[in-house]
Amino acid sequence: MAIRLRPLGVDDLDLVWRELLAEDARSSRPPRPGAKRRLRARLERSGRFSHGLLELGIEEDGRLVGTIQARRPEHGLPPGVVELGIGLFEGERGRGVGREAVAQFVDLLVRRHRTHRIQATTWVGNVAMRRVLELLGWRLEGVMRDFMPARDGELDDYALYAITKSDLDLSGA
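Residues numbered from 1 in each chain as written. Predicted model: local features only at pLDDT ≥ 70, side-chain atom pairs only at ≥ 80, totals over all residues. Heavy atoms only, no water.

Moving on, we get to the environment of Gly-80. With respect to the secondary-structure elements, Gly-80 resides in the loop between β3 (63-71) and β4 (81-88). Ignoring anything within four residues of it in the chain, the contact list for Gly-80 reads Arg-114, Thr-115, His-116 and Arg-117. (Helix = DSSP H or I, 4+ residues; strand = E, 2+ residues; numbered from the N terminus. Contact = heavy atoms within 4.5 Å.)

With that out of the way, let us pick up the pairing of β4. Along β4, six of the eight residues are buried, which leaves the element largely enclosed by surrounding structure. Both β3 and β4 contribute to a ladder of six bridges, which runs antiparallel. Of the residues in β4, the one forming a bridge with Thr-67 is Gly-87. Where β4 and strand β5 (residues 117-123) come together, three bridges link them in parallel fashion. Within the sheet, the bridge partner assigned to Val-81 lies in β5 and is Arg-117. The parallel pair β4 and β5 is bridged by helix α3 (residues 97-113), and the resulting crossover is right-handed. (Buried < 20%, exposed > 50% of the residue type's maximum accessible area, 1.4 Å probe, protein only. Pairing = 2+ DSSP bridges. Right-handed = clockwise from strand over helix to strand, strands pointing away.)

The seven strands lie next to each other as β1-β2-β3-β4-β5-β7-β6, forming an open sheet whose pairing is mixed. Bordering the open sheet on either side are β1 (3-6) and β6 (139-149), each of which pairs with just one other strand. Across this sheet, the average inter-strand angle for adjacent strands is 30 degrees, counted without regard to direction. Where strand β2 (residues 53-60) lies against β3, eight bridges are found, and the strand directions are antiparallel. Counted as the bridge partner of Leu-53 is Arg-71 from β3. Relative to β2, α3 is tilted by about 140 degrees, and along the sheet it contacts β1, β2, β3, β4, β5 and β7 (155-164). (Axes fitted to C-alpha atoms, helices over the stretch in contact; angles between N-to-C directions.)

In this model, α3 (17 residues) spans 23 Å end to end at C-alpha, consistent with the 24 Å of a helix rising 1.5 Å per residue. Every buried residue belonging to α3 is among Val-97, Gly-98, Ala-101, Val-102, Phe-105, Val-106, Leu-108, Leu-109 and Val-110, and all of these are buried. In this structure, the buried side of α3 is in contact with β1, β2, β3, β4, β5 and β7. Backbone geometry just downstream of α3 places Arg-114 in the positive-phi region, at approximately 55 degrees. (Expected span 1.5 Å × (residues − 1).)

Okay, the nonpolar core next. Judged by nonpolar contacts, the single largest core of 28 residues is most densely connected at Ile-58, Ile-68, Leu-84, Phe-105, Leu-109, Ile-118 and Trp-138. Within the residue set of this core, elements represented by two or more residues are β1, β2, β3, β4, α3, β5, α4 (127-135) and β7. At eight residues, the largest contribution of residues to this core is made by α3. Contact partners of Leu-109, with chain neighbours within four places excluded, come to Phe-49, Leu-54, Ala-70, Val-82, Arg-114, Thr-115 and Ile-118. Val-16, Trp-17, Ala-35 and Leu-64 belong to the second largest nonpolar core, which has nine residues in total. (Core = buried A, V, L, I, M, F, W, Y, C linked by side-chain atoms within 4.5 Å.)

In this model, Asp-61 sits at a positive phi of 50 degrees, which is unusual for a non-glycine residue. Locating Asp-61 in the fold gives a position in the loop between β2 and β3. Judged by relative accessible area, which is 54%, Asp-61 ranks as exposed. Of note in this structure, Arg-114 is not a glycine but carries a positive phi near 55 degrees. Inspection of the secondary structure assignment puts Arg-114 in the loop between α3 and β5. On the basis of relative accessibility, which here comes to 75%, the residue Arg-114 falls in the exposed class.

See below:
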């Protein structure tokens, strides 16, 4: 399994759009007006921090299998801090792809983008994502109670994880 992170392009638009529609259908959220146009603009900016977002595609053996993002909203986080997001396409989970993509992305963010803290939140019941983060040395910093709206209209608790530059062994760099 060869995992590579790469900029997305407009050639990826239809595949990424289909996956987003499938995700929205699973969560019963209809796409918002103009969503495909905004996605196209995001793909055109892929590969560099733009509008507070660095987004890359995750390839396995030359095939696009997901996306990974670092979000750095202006005035939303201190300089050098980003929020990580990852989305693997349906059928691509559970094979180590996400773990390898997160490891590569953390290395890229710290080495190339001078990031000193990367954080991620996930639903407390997302055992797979929590395991990936813990296996990679991320630390659980707490649980945010009643944090995100759930499908049933209630609020879900989310776990906050982080990894810092000082947590990483960058020898050999």
